[in-house]
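# Coordinate analysis (summary)
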Amino acid sequence: MDTFRLSFEFFPTKTEEGTRKLYEVRDQLAVLEPDFFSVTYGAGGSTRDRTLDVVSELNRRGISTAPHLSCVGDTKANIRDLLQTYSQNGIDRIVALRGDLPSGMAASTGEMRYANELVSFIRSEFGEQFHLEVAAYPEMHPQAKSYEADLLNFKRKVDAGANSAITQYFFNIDSYFYFVDRCEAMGIDIPIVPGIMPITNYSKLARFSDACGAEIPRWIRKQLEAYGDDQESIQKFGEEVITYMCEDLIENDVEGLHFYTLNQADACLAICKNLFP
Ligand code: FAD
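Residues numbered from 1 in each chain as written. Predicted model: local features only at pLDDT ≥ 70, side-chain atom pairs only at ≥ 80, totals over all residues. Heavy atoms only, no water.

Below, the discussion takes up the state of the cysteines. Applying the stated criterion across every chain yields a total of zero disulfides. The structure places no disulfide on Cys212, whose sulfur is separated from the nearest cysteine sulfur, that of Cys268, by 16 Å. Looking at Cys272, it has no disulfide partner, and the nearest cysteine sulfur is the one in Cys268, 6.4 Å off. We classify Cys272 as buried; its relative accessible area is 1%. (Disulfide = S-S within 2.5 Å. Buried < 20%, exposed > 50% of the residue type's maximum accessible area, 1.4 Å probe, protein only.)

Laid out in structure tokens, this is it:
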């Protein structure tokens, strides 16, 4: 377990109040001594300054923090400038993504279309200066032509120089193990760390899952639907389900866990206390 890596993801908020709360959540999660925090980025640069501010502050507070960076709808010059600023601020890890542009914003404005191009660009401009994380999709990226094509596209990112990957969240644990086996068979040997989404609210989870292609198994969906507005039962059930899932992953030697916190500490703390008492 010495090399097991724990990480927590935040999003930059729009208000001072939201940012203050984010730093409180950071302090609550810091007691778990994660290897790093990460902060999302709005594709096309829409959260450029907010992501930079939050990443710089979190990093300053002592736990290494990785900005997410997407390439779609942005220019190489903008991306180079931002990476230089990160480098000057002591940031040494980047989550390199294509991103999803908000509807109505034209992807044709960007100079790079896929995350493998961003990984190549960062390597060509900054060498080995950054540890590069990329995204992986055990249940397939929703826009992929096929499962096989998506696997090959994942391999492109690894061949371009990614050091490790974080998966889209999933509740079908076999999809993760199958994906990792297929990657191994293709000679991919970077850590593929499961992304974990705590279950705390049914309607939001259903909406996210539809959009990102994560399946909520029937037995989970039915129970969450039956709880209706009973938030306490949803949280108790969610904690149990995600704890079991993480225990299974850990027993099968995953190299770490990456939690999508949605800027909330309680569910992550409860699950991690069950896992690492
Ligand atoms: P890619 O790896 O480029 O793949 C996108 C699609 O194109 C896939 O269907 C793939 O099969 C296909 N493809 C890839 N390369 C090629 C190629 N060379 N030729 C043809 N087809 C190709 N979004 C944000 O906007 N901001 C964030 O901060 C953010 N953080 C995320 C963090 C994680 C851990 C994950 C899993 C996702 C995150 N996302 C974020 C969402 C992500 O941006 C979307 O899922 C996006 O649609 C794909 O990004 P990607 O980097 O996986 O793209």
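Structure shown, so let's carry the discussion forward.
So, about the site of the ligand. With respect to spatial proximity, 23 residues lie near the ligand, and among them Tyr41, Asp100, Tyr137, Asp150 and Lys157 are the closest. At a separation of 2.8 Å, an oxygen atom of the ligand approaches a polar backbone atom of Ala115. Arg156 places a side-chain nitrogen or oxygen 3.5 Å from a nitrogen atom of the ligand. If the ligand stood free it would expose 970 Å²; the protein chains cover 87% of that surface. Listed by contribution, the elements that provide at least two residues to the shell around the ligand are helix H4 (115–126) and helix H5 (147–160). Among the elements that take part in the shell around the ligand, H5 stands out by supplying four residues, more than any other. In the shell around the ligand, the residues fall into 10 nonpolar, eight polar and five charged. (Near = heavy atom within 4 Å. Polar contact = N/O pair within 3.5 Å; in protein donor to acceptor, adjacent residues only side chain to side chain. Areas by Shrake-Rupley, 256 points an atom, 1.4 Å probe, with all protein chains shown as cover. Helix = DSSP H or I, 4+ residues; strand = E, 2+ residues; numbered from the N terminus. Nonpolar A, V, L, I, M, F, W, Y, C, P; charged D, E, K, R; others polar.)

Looking down a regular strand, the side chains alternate between one sheet face and the other. Alternating residues of strand S6 (residues 164–167) divide into Ser164 and Ile166 and Ala165 and Thr167, and every residue in both groups is buried. Taking the sense of rotation as the criterion, the β-α-β connection linking strand S5 (residues 131–136), H5 and S6 turns out right-handed. Where S6 meets strand S7 (residues 192–193), two bridges bridge the pair, whose relative direction is parallel. Within S7, the position partnered with Ala165 by the bridge is Ile192. Between S6 and its parallel partner S7, the chain crosses via helix H6 (residues 173–185), and the hand of that crossover is right-handed. (Right-handed = clockwise from strand over helix to strand, strands pointing away. Pairing = 2+ DSSP bridges.)

Below, the discussion takes up the layout of surface pockets. Of the pockets and cavities examined, the second largest pocket occupies roughly 240 Å³. Taken together, 15 residues form the lining of the second largest pocket, with Tyr176, Val180, Glu184, Asp253 and Glu255 sitting closest to its centre. Tallied by class, the residues present in the lining of the second largest pocket amount to nine nonpolar, one polar and five charged. (1 Å grid on protein atoms, 1.4 Å probe; cavity = no way out; pocket = protein on both sides within 12 Å on 5 of 7 lines; lining within 4 Å. Points joined across faces, edges and corners; volume = space filled by probe spheres on them.)

It is the contact of helix H3 (residues 76–88) with H4, at a shortest axis distance of 11 Å, that shows an interaxial angle of 60°. One element, H3, and the other, H4, form an angle in the oblique class. Helix-helix and strand crossings are classified by hand; for H3 and H4 the assignment is right-handed. Each of Lys76, Ile79, Arg80, Leu83 and Gln84 in H3 lies in contact with H4, whose residues at this interface are Leu118, Phe121, Ile122, Glu125 and Phe126. (Axes fitted to C-alpha atoms, helices over the stretch in contact; angles between N-to-C directions. Parallel < 35°, antiparallel > 145°, perpendicular 65-115°, else oblique. Left-handed = near helix turned anticlockwise from the far one by under 90°. Contact = heavy atoms within 4.5 Å.)

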